[in-house]
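Structure assessment
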Amino acid sequence: QVQLVESGGGLVQAGGSLRLSCAASGRIFGINAMGWYRQAPGKQRELVADIRNGGSTNHADSVKGRFTISRDNAKNMVYLQMNSLKPEDTAVYYCNAWIRVNFGTVNEYWGQGTQVTVAP
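Counting starts from 1 at the beginning of each chain's written sequence and moves along it residue by residue. Local features are withheld for residues below a pLDDT of 70 in this predicted model, meaning they are given only at 70 or higher, and side-chain atom pairs are given and counted only at 80 or more; totals for whole chains, interfaces and linings count all residues. With hydrogens and water stripped out, all remaining heavy atoms of the structure feed into the side-chain values.

1. Side note on the nonpolar core
The criterion, for reference: For the purposes of this section, nonpolar cores are sets of buried Ala, Val, Leu, Ile, Met, Phe, Trp, Tyr and Cys residues that join through side-chain atoms within 4.5 Å. To sort residues, take the accessible area from a 1.4 Å probe on protein chains only and compare it with the maximum for the residue type: under 20% means buried, over 50% means exposed, and anything in between is partly exposed. Think of it this way: any DSSP run of H or I at least four residues long counts as a helix, any run of E at least two long counts as a strand, and we number them from the N terminus.
W36, L80, M82, Y93 and I99 are the most contacted members of the largest nonpolar core, which has 31 residues in total. Taken together, the elements giving at least two residues each to this core come down to β3 (18-25), β4 (30-39), β5 (46-51), β7 (67-72), β8 (77-82), β9 (91-102) and β11 (114-119). When residues in this core are grouped by element, the largest group, six residues, is from β9.

In structure tokens:
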């Protein structure tokens, strides 16, 4: 059984910073892409940033220059450093990963979500 567990959310003032972490555990043969999504009340879930196994990254235009995704392949972890936070960044943030669970199978997994609230 594979699990993704997020940590690091919370309440912060506008202009502040938070760092989200996500740990993958279980029967893992390898991890392809990892990423962070977010969902604000009344809105669809959207991609914030993702990172490939080789290290190439993609950040949503709304967070470019403020957020940085990174990963530690040895620890099966992905991080999201969030700087210059804005009230519109308030959302539940979800960790996502495409994980190889055996020789021929890659499945998509989601974490339970962590709340990020940015006060004006």
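So, next bit.
2. Side note on the pattern of salt bridges
Note the threshold: Note on definitions: salt bridges are taken to be side-chain nitrogens of Lys or Arg within 4 Å of carboxyl oxygens of Asp or Glu.
The final tally for this structure, using the stated rule, is five salt bridges. Residue R38 is joined to D89 by a salt bridge in which the shortest nitrogen-to-oxygen separation is 3.0 Å. On the criterion of sequence distance, the pair formed by R38 in strand β4 and D89 in the loop between β8 and β9 is long-range, its members being 51 residues apart. A single burial state applies to R38 and to D89, both of which are buried. Between D61 and K64 there is a salt bridge, with its nearest N and O atoms 3.1 Å apart. Here D61 falls in the exposed class, since its relative accessible area comes to 65%. Salt bridges linked by common partners bring R38, E46, R66 and D89 together as one network.

3. What to know about the packing of aromatic side chains
For any pair of aromatic rings, geometry is given as the distance between the ring centres together with the angle between the planes. Quick reminder of the rule: Put simply, two rings from Phe, Tyr or Trp (the six-membered ring, in Trp's case) pair if the centres are within 6.5 Å, and we call them stacked under 30 degrees between planes, edge-to-face over 60, tilted for the rest. Note on geometry: a ring has a charge over it if NZ (lysine) or CZ (arginine) is within 6 Å of the ring centre and within 35 degrees of the ring normal.
Per the counting criterion, the structure on display carries one aromatic pair. Arranged with centres 5.0 Å apart and planes meeting at 65 degrees, the rings of Y37 and W110 form a pair that is edge-to-face. Of the two residues, Y37 is situated in strand β4 and W110 in strand β10 (residues 105-110); the sequence distance between them amounts to 73 residues. For Y37, a relative accessible area of 22% gives the class partly exposed. The class for W110 is partly exposed, based on a relative accessible area of 34%. Over the ring of Y79 we find R19; its NZ or CZ atom is 4.1 Å from the centre of that ring.

4. Some remarks on the pairing of β4
Each regular strand displays side chains that alternate between the two surfaces of the sheet. How we decide: Strands were regarded as paired on the criterion that DSSP finds at least two bridges between them.
The sheet contact formed by β4 and β9 spans eight bridges and is antiparallel. Bridge pairing in β9 links M34 to A97. Two strands pair when backbone bridges link them, and β4 and β5 are joined in this way by five bridges, in the antiparallel orientation. By the bridge assignment, W36 is partnered in β5 with A49. Following β4, the chain reverses through six residues before pairing antiparallel with β5; G42 in that reversal takes a positive phi of roughly 75 degrees.

5. Considerations on the pairing of β10
For β9 and β10, the ladder comprises six bridges, and the chain directions are antiparallel. Paired with I99 across the two strands is N107, which belongs to β10. Linking two consecutive strands that pair antiparallel, namely β9 and β10, is a turn of two residues.

6. Brief notes about the environment of N107
Test applied: Polar contact criterion, stated in full: a pair of N or O atoms within 3.5 Å, where within protein one must be able to donate a hydrogen and the other to accept it, and residues adjacent in sequence count only if both atoms are side-chain atoms.
Following the sequence through the fold, N107 ends up in strand β10. Under the relative-accessibility criterion, N107 is labelled partly exposed at 28%. Of note is the side chain of N107, whose polar atom sits 3.3 Å from the side chain of Y109.

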